[in-house]
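Per-entry structural report
Residue strings, one per chain:
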Amino acid sequence: MITIVGGGTAGLITALILNQRLSDNIRVIKSDKIGIIGVGEGSTEHWSHFMKAINLDSWELIRKTDATCKLGIYFKDWTEKPYYNNITNFHEIKIAQFPIASALNYVNDKDQVKMTDYHTIDSKVENRNLSPSKQYHFNAFKLNDYLLEKCSERGVEIIDDEIVDVNINEDGIKNIVSKTKIYDSEFFIDCTGFKRLLISKLGAKWVSYSKYLKLNEAIAFPTGDTDEYTPYTIATAMKNGWMWRAPVWGRHGNGYIFNNEFTNSEEAKKEVEQHLGYEIKIVKNVKFEPGALDRPWIKNCMAVGLSANFVEPLEASAIATTINQTFAFTNHYFPNNEKEISKFNSKMQDIMMNIRDYICLHYITKREDTNFWKQMKKVELPESLKENLEAWKYRMAISDDFKSRDYLLFKESNFNAILYGLGILDKNSIKKTISKYDKSIIDFCQSKITEYENNLDELAKTKYVSHKKWLHNAREKYISTFKYAV
């Protein structure tokens, strides 16, 4: 028996993966008295790995969670001109790890949207009987209901109870206790969020990233429906942090994440209202310390989700971390095997350092128009990121720059997209590298890029449709033969 305490997104995703990969004896203990964070959910391409692994239906997901397609992130006001992070359709032709096609686009100053999926900027998606995206925006509460429904359908035991105490012994957790019952289990998974109710009893320590990442509070608020939905998240730099905007069917999820040394929730609300031009209603105010546990797996207990780590919403790493962590766990789960536990914890450290460095990279901007942005220019960077930035002065990021690659969320293509958007890449150095390769290879890559660009207008007429219209069709004309379109 594996017992998961906590019925939020992390707990239910973990339950579904373990039910598929490890055991049909999975139990989730959740309390209806304890709400979910629910500030809006966005995913990365790792969501498609999760859906494939447990055979979820994209069309059902879209209908039941009010999902919209996500093809990237549009960064506004971080730099002099907006930039767009989408690696879904990158022309990733590589030679000895060097991404030739991407490099050609970069040195020729091609628009990032054109380099990936040009029509997304016009809120269009590819019109086909498959989901045009591997990523989504969800209504957080409807996503929770959907995952709970899938757990019940697949035999995961769901218990409504509130755990109030944890008993430990030399082997880890002996049992967990509610007001009316004692629960025994072979293994326990802590998905209790910031409370860390189980893992804290076993001596896990929080490793803070606040030295490098300065945002520590967020307000979340909904806004109304619009005639069209962007197939991307909008991340707008604000005076003391940044604001996200993500469409779901019927409304938008929004939030402003900031450093509370420079502002507070009420002032942040006023700043948002001034920016938007109308009043908003805060539905969540969350304070946090960015960081991760030194050991998410101790003895017979593992922490997942907010119990194990939290950085910030930028790049939507939370769900992806839960997915990759649980996949890794299924490959290392041998009860009481300290070597496997040590290997797993080491991989989790690599995952979190990768996320930390990637998020830190986004803040290396030239903005200095407010005290917050002036202070951000003085923030110390992690040694691992500083070492890579030294190399990236002369070349693009390559796969050798990253270890534990099987579980990392962000790799060379992700980093290169941000390096280019921020203007950090040295085009002259990249040109020199390109010039060393055989001309026939360069010509081949260039021909593929040119072919794509020359067909943009024709694609717009024949293959692309309004994002909202596509979603309407997906919701209204759902047919059971369109399955596993991930």
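These numbers were taken from a predicted model, which means no experiment stands behind them.

Looking only at helices and strands, the chain has 16 helices and 26 strands in total. The C-alpha radius of gyration of the chain comes to 23 Å, within 12% of the 23 Å expected for a compact globule of 486 residues. Each principal axis of the C-alpha distribution contributes one length, and for the chain these read about 70 × 50 × 50 Å. A total of 486 residues make up the chain; the buried ones form 57% of that total. For the chain, long-range pairs separated by at least 24 residues make up 77% of all intrachain contacts whose partners lie at least 6 apart in sequence. With an accessible surface of roughly 21,000 Å², the chain has 46% of that area assigned to carbon and sulfur atoms. Within the chain, one finds 66 positive and 64 negative side-chain charges whose respective centroids are separated by 1 Å.

Glancing now at the pattern of salt bridges. One pass over the full model with this rule turns up 19 salt bridges. Glutamate 126 is paired through a salt bridge with lysine 463; the nearest N and O atoms lie 3.2 Å apart. On the criterion of sequence distance, the pair formed by glutamate 126 in strand β9 (residues 124–126) and lysine 463 in the loop between α15 (456–462) and β26 (464–466) is long-range, its members being 337 residues apart. Note on glutamate 126: relative accessible area 24%, which makes it partly exposed. For aspartate 401, the salt bridge is made with arginine 395, and the minimal N-O distance between the two is 3.0 Å. Judged by its relative accessible area of 25%, arginine 395 falls in the partly exposed class. Residues participating in the shared-partner salt-bridge network are Glu60, Lys64, Glu149, Lys150 and Glu153.

The interhelical angle for the contact between helix α1 (residues 9–21) and helix α8 (residues 317–332), taken along N-to-C directions, is 30°, at an axis separation of 10 Å. Relative to α8, α1 is oriented roughly parallel. Seen from above, α1 lies across α8 with right-handed handedness. Contacts between α1 and α8 involve Thr9, Ala10, Ile13, Thr14, Ile17, Leu18 and Arg21 from the former and Ile319, Thr322, Ile323, Thr326, Phe327, Phe329 and Thr330 from the latter.

Right, let's get into helix α2 (residues 46–54). Most of α2 is tucked away, with seven of its nine residues classed as buried. Structurally, α2 contributes buried residues whose contacts are with α1, α3 (58–65), β10 (135–138), α6 (140–153) and α8.

Taken together, three strands build an open sheet; the order of strands is β16-β22-β25 and the sheet is antiparallel. One side of each edge strand has no neighbouring strand; the edge strands of this open sheet are β16 (206–208) and β25 (309–310). Examined bridge by bridge, strand β22 (residues 291–293) and β25 share two bridges and lie antiparallel to one another. The residue bridging glycine 291 from the neighbouring strand is phenylalanine 310, located in β25.

Calculation notes
Each chain carries its own residue numbering, running from 1 in the written order of its sequence. Only residues with pLDDT of 70 or above have their local features reported here, since the model is predicted, and side-chain atom pairs are shown and tallied only from 80 upward, although totals for entire chains, interfaces and linings are computed over all residues. Water and hydrogen atoms play no part in the side-chain values, which are based on all heavy atoms of the structure. The helix count covers DSSP runs of H or I at least four residues long, the strand count covers runs of E at least two residues long, and both are numbered beginning at the N terminus. In this setup the radius of gyration rests on C-alpha atoms only. A globule is expected at 2.2 Å times the number of residues raised to 0.38. Each residue gets one of three labels from its accessible area relative to the maximum for its type: buried under 20%, exposed over 50%, partly exposed in between, using a 1.4 Å probe on protein chains only. Residues are treated as being in contact if the distance between any of their heavy atoms lies within 4.5 Å. Shrake-Rupley sampling with a 1.4 Å probe provides the accessible areas, and residues are treated as covered by the protein chains on show and by no other component. For this count, His and the chain ends are skipped, Lys and Arg are scored as positive, and Asp and Glu as negative. For the purpose of locating charges, the reference atoms are NZ of Lys, CZ of Arg, CG of Asp and CD of Glu. A pairing counts as a salt bridge when a side-chain nitrogen of Lys or Arg comes within 4 Å of a carboxyl oxygen of Asp or Glu. The axes used here are C-alpha line fits, helices contributing only the stretch in contact, and every angle between their N-to-C directions lies in the interval 0 to 180 degrees. Each angle receives one of four descriptions, namely roughly parallel if under 35 degrees, roughly antiparallel if over 145, roughly perpendicular if within 65 to 115, and oblique otherwise. Crossings are sorted by hand: turned counterclockwise from the far helix by less than a right angle, the near helix makes the crossing left-handed, and turned clockwise it makes it right-handed. Any two strands are treated as partners once DSSP identifies two or more bridges connecting them.

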